[in-house]
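# Summary of the model geometry
The residues making up each chain are set out below.
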Amino acid sequence: MTEAAGDKQMQRRALEIANLNVYFGEGEETFQAVNDVSFSVEKGGSYGLVGESGSGKSTVLRAISGLIDDWDGQISVDGTPLQTKRDKAFYRKIQMVFQDPYASLHPRHTVDRILSEPLKLHGIKDIENRVLTVLDDVGLGKSFRFRYPHQLSGGQRQRVAVARSLMLEPDILLLDEPTSALDVSVQAEILNLLSDLRKERNLTYLMVTHDLAVVAHMCDEIAVMSHGKVVEVMSVEQMRNSEPKEAYTRELLMASKGYDPEFFAAEDA
Ligand SMILES: Nc1ncnc2c1ncn2[C@@H]1O[C@H](COP(=O)(O)OP(=O)(O)OP(=O)(O)O)[C@@H](O)[C@H]1O
């Protein structure tokens, strides 16, 4: 590839992970949870990290978001390699939505305070207007502004968590099993909200899930993880057509609840 073509490719990548290793513990107790992981996410794309429990999916997201310091390799955002310490500008580009909205929202803070805080930290004015706009954007409306988390349903809490992630108008959302703590009946609502927001705001998603029906619905491409490594990268099209190369991916597909190629195809309808 010529240098110019290489540069162009880099410009299209919102996120590039190369040879990422992540460690927990020290000395003889060190455990390597992520081992030589590489993948990249196109601008405006939606990328899924899938794999069994403990395969290292969440650890990849946490290393990217700065919640884990002990990593090496390269993490580049918009072609710029990250330093170990994230600066304020980083959090205006990338935000994370956690699995459990019960744990991720402060129980004694109102929705207004939860949504205002990132703006205050970044010295952004026009707070009331932005809070009201984002409440509308996530389908809650202004009547929710002064409620506390315990006065909300699980789905409404996750809408608040999504709203908080949007306050700084980031380009990239890291989504860690954003629907798995929710009642099945509201999971689809939150996934549809996330799909709509991606289109409206031209967001890039990196989503962790163990649910292949979710990636079939939400993602363009997936990386399959096992024991801290990426064992296969494939398009969702290939997954739907049941064309995995690796035995592990085949097993994962077969084990996935409700696995049926027609079911995946129907998700798109
Ligand atoms: N803070 C920690 N200290 C030590 N080990 C950890 C820590 N967090 C995660 N691990 C280990 O790292 C490995 C990967 O965990 P991770 O949470 O990334 O897996 P996962 O694929 O996201 O699984 P799940 O779907 O169950 O969340 C696991 O073996 C886990 O026990």
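Residues numbered from 1 in each chain as written. Predicted model: local features only at pLDDT ≥ 70, side-chain atom pairs only at ≥ 80, totals over all residues.

## Considering helix α6 (residues 127-137)
- For α6, the full list of buried residues reads Val131, Val134 and Leu135. What you see down the axis of α6 is that its buried residues fit within an arc of 105°, all on one side. Along α6, exposed side chains directed more than 90 degrees from the buried face belong to Asn129 and Asp136.
- Packing partners of the buried residues in α6 comprise α5 (111-121) and α7 (154-166). (Buried ≥ 20, exposed ≤ 12 C-beta atoms within 10 Å, placed from the backbone. Helix = DSSP H or I, 4+ residues; strand = E, 2+ residues; numbered from the N terminus. Arc of directions from axis to C-beta. Contact = placed C-beta atoms within 7 Å.)

## Considerations on the packing of α5 against α6
- Between α5 and α6, the least distance of the axes is 10 Å, while the angle of their chain directions is 125°. Compared by their axis directions, α5 and α6 come out oblique. Both α5 and α6 take part in a crossing whose hand is right-handed. Contact residues: α5 offers Asp112, Leu115, Ser116 and Leu119, while α6 offers Ile127, Arg130, Val131 and Val134.
- A class-by-class count of the residues in the contact of α5 with α6 yields 5 nonpolar, 1 polar and 2 charged. (Axes fitted to C-alpha atoms, helices over the stretch in contact; angles between N-to-C directions. Parallel < 35°, antiparallel > 145°, perpendicular 65-115°, else oblique. Left-handed = near helix turned anticlockwise from the far one by under 90°. Nonpolar A, V, L, I, M, F, W, Y, C, P; charged D, E, K, R; others polar.)

## Things to note about the sheet that holds strand β3 (residues 46-51)
- With respect to topology, 6 strands assemble into an open sheet ordered β6-β7-β8-β3-β9-β10, the strand pairing being mixed. Since the sheet does not close on itself, it has two edges, and those belong to β6 (94-97) and β10 (229-235), each with one partner. Neighbour to neighbour, the strand axes of the sheet diverge by 20° on average, direction disregarded.
- As paired elements, strand β7 (residues 172-176) and strand β8 (residues 204-208) share 5 bridges and run parallel to each other. Of the residues in β8, the one forming a bridge with leucine 173 is tyrosine 205.
- Of the strands in this sheet, β6 and β7 touch α7, which is tilted by about 170° from β6. (Pairing = 2+ DSSP bridges.)

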